[in-house]
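Overview (structure and organization)
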Amino acid sequence: MDRRDFLKALAAAGAMVSIKTDGVMDIMASALPASGSTTSSDGKFADLAAIMNGEPVPMLQAALKEIGGIGRFVKKGQKVVIKPNIGWDRAPELAGNTNPEIVAEMIRLCLEAGASEVKVFDHSCDRQANCYPHSGIEAAVKKAGGIMLPADQKSEYVNVQIPKGKILKNALVHKAIVDCDIWFNVPILKNHGGALMTAAMKNHMGIIWDRMAIHRGGLHQCIADLCTYKPAALHIVDAYRTLATNGPQGQSANDVVLTKALFASTDIVAVDTAAGKFFTQINKSIKFENIEHISDGQALGLGTMNLDDINVHKIKL
């Protein structure tokens, strides 16, 4: 039985998939170069850290260690933004939004590194008043000392030019992104009906006001175009729980696979390549090459899809 049929059978049985440790390692092996470090750092900063078999916070901490630590990015007094996925009125167990523990730990680390403020927002698809609390992110942000920003009014956005865009030439971008010193892109890995997969590049949809402009213009190319505006310092893809089917919001726990993984990179194309190859081993009905915004991003010079050319650290906790 292949993964797709397995998911269907499991849905009928009403249970959530939990991939065993060896299964996650096998999937990682399929997604990443065999030459990558598999147990510890090789003494150099990783271009891409792939962490497996851990809980959300330890995996984030391990990834940051391999990448060079939060101090590599955040300097004293900087205004920081963290952009998770908070698009849907879903509890964390349903994997429609970024894990709140990861968001909270990022806030804690940024403040510890000397950030003057850490703001968090997303332009939710469901009602923001429901998404923020029900995702668990609002409470986690406040407890960690962050600032939760609204993003459901057009007045919160300003028009910016996207000079490298092939189709998308300008967009209304949230003021927090425009004004911050540095921002971190922290999506969840999941299925998406139009883009096929949500990860680092697709998460940019939540920084703009008019999503439909992107859908009308050619979804994959417009996603890539948008990513050329003020790139995030680091991309952290939460794959602790992966919404394998019926994305982007999911219908029930039957759509969720407990994968216990996390990817981090300064290269948005590389991290989405790794996450995409991982995801398409979970949902084999989707072909990696059909997630076209990744190759569109490479064509725009946003990064590389050739993971053999970069320093990859694969860490099993």
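A brief structural summary. Because the structure is predicted, anything quoted here is derived from the model rather than measured.

1. Structural notes on the packing of aromatic side chains
Applying the stated criterion across every chain, the model contains three aromatic pairs. Lys 277 extends its terminal NZ or CZ atom over the ring of Phe 288, reaching a point 5.5 Å from the ring centre.

2. Comments concerning the pattern of salt bridges
Applying the stated rule across the entire model yields six salt bridges. For Arg 108, the salt bridge goes to Glu 105, with nearest N and O atoms at 2.7 Å. Of this pair, Arg 108 and Glu 105 both sit in helix α4 (residues 100-112), three residues apart, roughly one helical turn. Among the residues examined, Arg 108 registers a relative accessible area of 35% and is labelled partly exposed. With a shortest N-O distance of 3.2 Å, Arg 108 and Glu 112 are connected by a salt bridge. In this pair, Arg 108 and Glu 112 are both assigned in helix α4, four residues apart and thus about one turn of the helix distant. Overall, Glu 112 belongs to the exposed group, its relative accessible area being 58%. Bridged by salt links that share partners, the residues Glu 105, Arg 108 and Glu 112 form one connected network.

3. Quick look at the side chain of Asn 191
Looking at where Asn 191 falls in the secondary structure, it is placed in strand β9 (residues 188-192). Here Asn 246 takes part through its backbone nitrogen, which lies 3.2 Å from a polar atom of the side chain of Asn 191. Within the local environment of Asn 191, its side chain forms a polar contact with the backbone nitrogen of Gly 247, the two atoms lying 2.9 Å apart. Non-local contacts of Asn 191, meaning those with residues more than four positions away in its chain, are made with Leu 196, Leu 243, Ala 244, Thr 245, Asn 246, Gly 247, Pro 248, Phe 279 and Ile 286.

4. Focus on the state of the cysteines
For the structure shown, the criterion picks out zero disulfides. The thiol of Cys 180 is not disulfide-bonded; the next cysteine sulfur, from Cys 110, is found 11 Å away.

5. With respect to the pairing of strand β4 (residues 117-120)
For a regular strand, side-chain orientation follows a simple rule: the groups alternate between the two sheet faces. Going residue by residue along β4, you find Val 118 and Val 120 tucked away on one face and Glu 117 and Lys 119 left uncovered on the opposite face. With four bridges connecting them, strand β3 (residues 79-84) and β4 associate as parallel partners. Each bridged residue has a counterpart across the sheet, and for Lys 79 the counterpart in β4 is Glu 117. In this region the chain leaves β3, passes through α4 and returns to the parallel neighbour β4; the handedness of that crossover is right-handed. Here β4 pairs with strand β5 (residues 147-148) via two bridges, running parallel.

6. Quick notes on unusual backbone geometry
The omega torsion across Gly 247 and Pro 248 is 15°, close enough to zero to call that bond cis. Mapped onto the fold, Pro 248 is located in the loop between β11 (234-243) and β12 (256-265). At Leu 196, a position not held by glycine, the phi torsion is positive, near 75°. Within the secondary structure layout, Leu 196 lies in strand β10 (residues 196-198).

7. Points about the packing of helix α3 (residues 56-67) against α4
Here α3 crosses α4 at 45°, and the two axes come no closer than 9 Å. Taken together, the axes of α3 and α4 lie oblique to each other. Classified by chirality, the crossing of α4 by α3 is right-handed. Contacts from Pro 56, Val 57, Leu 60, Gln 61 and Leu 64 of α3 reach α4 at Glu 101, Ile 102, Glu 105, Met 106, Arg 108 and Leu 109. Of the residues belonging to the contact of α3 with α4, the class tally is seven nonpolar, one polar and three charged.

8. Details of the side chain of Asn 99
Mapped onto the elements, Asn 99 comes out in the loop between β3 and α4. The buried category is assigned to Asn 99, whose relative accessible area is 6%.

What counts, and at which threshold
Residues numbered from 1 in each chain as written. Predicted model: local features only at pLDDT ≥ 70, side-chain atom pairs only at ≥ 80, totals over all residues. Heavy atoms only, no water. Phe/Tyr/Trp six-rings, centres within 6.5 Å; stacked < 30°, edge-to-face > 60°. Lys NZ or Arg CZ within 6 Å of the ring centre and 35° of its normal. Salt bridge = Lys/Arg side-chain N within 4 Å of Asp/Glu carboxyl O. Helix = DSSP H or I, 4+ residues; strand = E, 2+ residues; numbered from the N terminus. Buried < 20%, exposed > 50% of the residue type's maximum accessible area, 1.4 Å probe, protein only. Polar contact = N/O pair within 3.5 Å; in protein donor to acceptor, adjacent residues only side chain to side chain. Contact = heavy atoms within 4.5 Å. Disulfide = S-S within 2.5 Å. Pairing = 2+ DSSP bridges. Right-handed = clockwise from strand over helix to strand, strands pointing away. Axes fitted to C-alpha atoms, helices over the stretch in contact; angles between N-to-C directions. Parallel < 35°, antiparallel > 145°, perpendicular 65-115°, else oblique. Left-handed = near helix turned anticlockwise from the far one by under 90°. Nonpolar A, V, L, I, M, F, W, Y, C, P; charged D, E, K, R; others polar.

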